[in-house]
Amino acid sequence: MVTKKVETALNEQIALEAASSQYYLAMASWAETQGLEGVASFLYTHADEERMHMLKLIKYVNERGGQAQIPALKAQPQKFKSVQFVFEEVLKHEILVSNEINALVEVCLKEKDYTTHNFLQWYVSEQIEEEALARKVLDKLKLIGNDASGLYFFDRDMGSLTGAEANAGNEKA
Ligand code: FEO
């Protein structure tokens, strides 16, 4: 059974994962309209993964005798100024999520909820990977700068990264 404090904190995380999924979905859709199919595919997959993170939390809260709160969806930006900006936002957002996961772990320790603490370790590891991946992508974009042919190859690489990332995600899930 989760305590009220843990339940509230988990529900806040559900809302954050849902918002993350919507944000990446908006980025994916924008990239698709820019002809960046590889980037779009990567971001669509990323949005799906965030939804999976949300679902995992929903099921956990309900299983532990709490009540998962399904959050409202907020309107998302329609346009982004560049691909680099998109991935800067992804990194910034993932750092925010990592901080929130850490705060959630802290709540579990204070409440002596070692079961939820254990459950959250999957999220702690996932965040390390997601931040590292966003940094890797950003480093590539910084190397490319304003080079159009560089962006073409970057987009192609992102398409193949999608498959690898999705497979890694499936193995972990
Ligand atoms: Fe589920 Fe990338 O945070």
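You'll find the structure just up there.
Treat the numbers as computed from the prediction; the structure is a model and nothing was measured.

**Brief notes about the overall build of the protein**
Here comes step 1: What the protein contains, in helices and strands, is 5 helices and 0 strands.
Here comes step 2: The order of α-helices and β-strands along the protein, N terminus first, is α-α-α-α-α.
Here comes step 3: For 173 residues, the compact-globule estimate of 2.2 N^0.38 gives 16 Å, and the C-alpha radius of gyration of the protein, at 17 Å, lies within 12% of that figure.
Here comes step 4: Expressed along its principal axes, the backbone C-alpha trace of the protein runs to roughly 55 × 30 × 25 Å.
Here comes step 5: Buried positions account for 45% of the 173 residues belonging to the protein.
Here comes step 6: Contacts spanning at least 24 positions in sequence make up 81% of the contacts within the protein whose residues lie at least 6 apart.
Here comes step 7: If you average the places of the 18 positive and of the 26 negative side-chain charges in the protein, the two averages end up 4 Å apart.

**With respect to the environment of Ala18**
Here comes step 1: With respect to the secondary-structure elements, Ala18 resides in helix α1 (residues 4–33).
Here comes step 2: Taking the C-alpha atoms as reference points, Ala18 and Thr3, 15 residues apart in sequence, are found 22 Å from one another.
Here comes step 3: Those residues in contact with Ala18, other than ones at most four positions away along the chain, are Met54 and Pro71.

**Points about the side chain of Glu17**
Here comes step 1: In this fold, Glu17 is placed in helix α1.
Here comes step 2: Here Glu17 sits buried without a salt bridge, and the closest side chain of opposite charge, Lys56, lies 11 Å off (N-O distance).
Here comes step 3: Excluding its chain neighbours within four sequence positions, the residues that come into contact with Glu17 are Glu50, His53, Met54, Leu57, Val97, Ile101 and Tyr123.

**Focus: the packing of aromatic side chains**
Here comes step 1: The full count for this structure, using the stated rule, is 9 aromatic pairs.
Here comes step 2: Their ring planes at 20 degrees and their centres at 6.3 Å tell us that Tyr23 and Tyr24 sit as a pair that is stacked.
Here comes step 3: Among the residues examined, Tyr23 registers a relative accessible area of 13% and is labelled buried.
Here comes step 4: Pairing Tyr23 with Phe80 gives two aromatic rings, centres 6.2 Å apart and planes at 50 degrees, and the pair type is tilted. One end of the pair, Tyr23, is in helix α1; the other, Phe80, is in the loop between α2 (37–63) and α3 (83–110), and 57 residues separate them in sequence. We note that Tyr23, like Phe80, is buried.
Here comes step 5: Three or more aromatic residues joined by ring pairs make a cluster, and in this case those are Tyr23, Tyr24, Trp30 and Phe80.
Here comes step 6: The ring of Trp122 is capped by Lys56, whose NZ or CZ atom sits 4.2 Å from the centre of that ring.

What counts and how
- Residues numbered from 1 in each chain as written.
- Predicted model: local features only at pLDDT ≥ 70, side-chain atom pairs only at ≥ 80, totals over all residues.
- Heavy atoms only, no water.
- Helix = DSSP H or I, 4+ residues; strand = E, 2+ residues; numbered from the N terminus.
- Rg over C-alpha atoms; globule rule 2.2 N^0.38 Å.
- Buried < 20%, exposed > 50% of the residue type's maximum accessible area, 1.4 Å probe, protein only.
- Contact = heavy atoms within 4.5 Å.
- Lys, Arg positive; Asp, Glu negative; His and termini not counted.
- Charge placed at Lys NZ, Arg CZ, Asp CG, Glu CD.
- Salt bridge = Lys/Arg side-chain N within 4 Å of Asp/Glu carboxyl O.
- Phe/Tyr/Trp six-rings, centres within 6.5 Å; stacked < 30°, edge-to-face > 60°.
- Lys NZ or Arg CZ within 6 Å of the ring centre and 35° of its normal.

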